[in-house]
Amino acid sequence: SRNQETEQAIPQLTLCDTNGGLNIMATSMVIGTQWGDEGKGKIVDYLAEQADVVVRSQGGNNAGHTVVVDDVAFALRLLPSGILYDNKINVVGTGTVIDPKVILAEIENLESQGKSAKTLQISNRAHVILPYHNRLDEAEEASKGALSIGTTKNGIGPCYADKVNRIGIRICDLMNEEVFKEKLAYNVKIKNKILRDVYGVEPVDYYEILKDYLEYADRLRQYVTDTNYNVVSYIKDGKKVLFEGAQATMLDLDHGTYPFVTSSHPISGGASVGAGVGPNYLKNIVGVVKAYATRVGAGPFPSELLDETGDFLREAGHEFGTVTGRPRRCGWLDLAVVSYAADLNSLDYLAITRLDILDKLPEIKICVGYTLNGEPVKGFPADLQVLEQCKPVYETLPGWQTDISGIRHYEDLPEAARRYVERISEVTGVRLGIVSVGPNRKQTIVLQDVFGA
């Protein structure tokens, strides 16, 4: 059972190298367990200190991490969180979609804050977001009216659609001028017909895109490489490799609250595909759990609070989107969701974040499951109409009503705070690894060596 597994130490996997010796493989992965915005960036940033390599395996600039270092906030959208360390290799992997203009602007912004992107690697197999993707994203959302799903309108979905339709343009194509010209011409012809005839919006200009993107290609060329080969090589060489998830489990294209999901697979299995490594290379999977629940955009949210407590959580937690600035919907922590994520990702540890946001509440509710027509719900409903009818089952725990942001040792937390996080572990069957009591690196309480080094 999961409870039995979590009592056991996680074994090290040994790999034979080409010289017949043994290398110790130490990898870890950070996965969001809710609808995103759990604080993955902070956890990745913290664990990156132990790592040699940090890998981003899926998504695009629709994701956003805010990482605070020495009270300076860094807003990252596509760059791995390890980029804030000068001595880490940072990989944007094959499963990502890349807007060259955005990633170049992010690099420039990083450098303006005194950091460097010199260790960045970009997969030559990753797909390229082009202006017609953004235009299609905006037009399609507008055409849906009340049925819109709340995309960031950054062209992510249309780019992944082209990938599936096998007409996408990859980074390796962008690096080859003749290939890029041919593929761009084909796509612009098709996309302009759709933009004009289906959506009635302005077409894009082939020559303008060509000029801009050939310039982007020259600026990105220094970072482009075969990251599939590199990442596996790093693991085999015994380097510590950290896999960074973007978005979260409930936004997974197959397993989330479809269609209110993202266009990729932000789960542990998706990291294997998106990074180009076999599943047995992925160990020490850390599920990040915000101490309350939030989500952006439309879709079912069983534990949502449409009252003053929800407003308190939004204001106290500054719950506004990193990328869009949209206010996030807030609610009590939903362990039906987190338990589903624990099984789907085969989580080894939990990293509880934003516990300090609950400091002032006299009591805290926690959803431990659902009922439907008075009967307990097994698993997590696929049908959103069924999910909408589910009633959360709450347990009420006492609050601690004291500032915990300065606490650095688990035993120094108030008893009520410890009981709260331990209840999360009990219900999900996953052991506690990290408890975060603030946005800074130093505001991190480590209970387990979650890197497995």
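All of these numbers come straight from a predicted model, not from anything done at the bench.

Conventions used here
- Residues numbered from 1 in each chain as written.
- Predicted model: local features only at pLDDT ≥ 70, side-chain atom pairs only at ≥ 80, totals over all residues.
- Heavy atoms only, no water.
- Core = buried A, V, L, I, M, F, W, Y, C linked by side-chain atoms within 4.5 Å.
- Buried < 20%, exposed > 50% of the residue type's maximum accessible area, 1.4 Å probe, protein only.
- Helix = DSSP H or I, 4+ residues; strand = E, 2+ residues; numbered from the N terminus.
- Contact = heavy atoms within 4.5 Å.
- Salt bridge = Lys/Arg side-chain N within 4 Å of Asp/Glu carboxyl O.
- Polar contact = N/O pair within 3.5 Å; in protein donor to acceptor, adjacent residues only side chain to side chain.
- Pairing = 2+ DSSP bridges.
- Lys, Arg positive; Asp, Glu negative; His and termini not counted.
- Expected span 1.5 Å × (residues − 1).
- Arc of directions from axis to C-beta.
- Axes fitted to C-alpha atoms, helices over the stretch in contact; angles between N-to-C directions.
- Parallel < 35°, antiparallel > 145°, perpendicular 65-115°, else oblique.
- Left-handed = near helix turned anticlockwise from the far one by under 90°.

Undergrad: Please clarify how the nonpolar core should be interpreted in this entry.
TA: For soluble globular proteins, nonpolar side chains are generally found buried alongside one another. Membership of the largest hydrophobic core comes to 53 residues, with the highest contact counts inside it found for F243, V277, L355, L358, W400, L413 and Y420. Among the elements that make up this core, the one with the highest residue count is helix 14 (residues 415-428) (5 residues). If we ignore the near neighbours within four places in the chain, the residues touching L355 are A291, W400, I404, A417, Y420, V421, V435 and S436. Listed in part, the 40 residues of the second largest apolar core include V128, I209, L210 and A217.

Undergrad: What is the right way to look at the environment of I89 in this model?
TA: Tracing the sequence through the fold places I89 in strand 6 (residues 89-92). Each C-alpha atom of the pair I89 and V231 lies 9.9 Å from the other, and the pair is 142 residues apart in sequence. Among all residues touching I89, those that are not within four sequence positions of it are D52, V53, V54, T119, Q121 and Y234.

Undergrad: What am I meant to see in helix 2 (residues 40-48) here?
TA: Counting along an α-helix, one turn takes 3.6 residues, and residues three or four places apart therefore face a common direction. When you tally the buried positions in helix 2, you get 8 out of 9 residues, the bulk of the element. Among all positions in helix 2, only K40, G41, K42, I43, V44, D45, L47 and A48 are buried.

Undergrad: I tried to follow the pattern of salt bridges on my own but got confused; where do I start?
TA: It is possible for side chains bearing opposite charge to pair when their charged atoms get close. In the structure shown here, the tally under the stated rule is 20 salt bridges. Of the charged contacts in the structure, one is a salt bridge between R328 and D37, with a shortest N-O distance of 3.2 Å. Taken together, the residues span a long stretch of sequence, with R328 in the loop between helix 11 (308-316) and strand 14 (329-331) and D37 in the loop between strand 2 (22-32) and helix 2 at a distance of 291 residues. What you see here is one network of salt bridges that share partners, running through D37, K290, E319, R328 and R354.

Undergrad: For this particular structure, what's the right way to read the environment of S272?
TA: Among the structural elements, S272 can be located in helix 10 (residues 268-275). Given the relative accessible area of 10%, S272 is considered buried. Sequence separation between S272 and G399 is 127 residues, and the spatial gap between their C-alpha atoms is 40 Å. Filtering out sequence-adjacent residues up to four positions away, S272 remains in contact with V277, G278, P279 and L282. Only 2.5 Å separates the side chain of S272 from the backbone oxygen of V277, close enough to count as a polar contact.

Undergrad: I tried to follow the pairing of strand 3 (residues 53-56) on my own but got confused; where do I start?
TA: Walk down a regular strand and you will see the side chains alternate between the two sheet faces. Neither face of strand 3 is exposed, since V53 and V55 on one face and V54 and R56 on the opposite face are all buried. As paired elements, strand 3 and strand 6 share 4 bridges and run parallel to each other. Paired with V53 across the bridge in strand 6 is I89. Inspection of the sheet shows strand 3 paired to strand 11 (residues 240-244) by 4 bridges, in the parallel sense. Considered in strand 11, the bridge of V53 is made with V241.

Undergrad: Sorry, what's going on with the side chain of E244 here?
TA: As for its placement among the helices and strands, E244 is situated in strand 11. Buried within the structure, E244 lacks any salt-bridge partner; its nearest side chain of opposite charge belongs to R56, at an N-O separation of 5.1 Å. Polar side-chain contacts of E244 include one of 2.8 Å to the backbone nitrogen of S81. Once residues lying within four places of it in the same chain are set aside, the contact partners of E244 are V30, V44, V54, V55, R56, S57, H65, L79, P80 and S81.

Undergrad: In this structure, what is going on with helix 7 (residues 177-197)? I would like to understand it.
TA: The first and last C-alpha atoms of helix 7 sit 30 Å apart over 21 residues, in line with the 30 Å expected at 1.5 Å per residue. Taken together, the buried positions of helix 7 are occupied by F180, L184, N187, V188, K191, N192 and L195. All buried residues of helix 7 fall inside an arc of 140° around its axis, so they share one side. Turned more than 90 degrees away from the buried face of helix 7 sit E178, E182, K189, K193 and D197, all of them exposed.

Undergrad: Looking at this model, I keep getting lost on the packing of helix 4 (residues 131-144) against helix 7. Mind explaining?
TA: Helix packing geometry: the angle between the two helix axes and the distance between the axes. Between helix 4 and helix 7, the shortest axis-to-axis distance is 10 Å and the interhelical angle comes to 20°. Considering their axes alone, helix 4 and helix 7 lie roughly parallel with respect to each other. Where helix 4 crosses over helix 7, the two elements pack in a sense that is left-handed. For the pair helix 4 and helix 7, contact is made by Y132, R135 and L136 and by L184, N187, V188, K191, I194 and L195, respectively.

Read these as layout, nothing more, since geometry by itself doesn't imply function.
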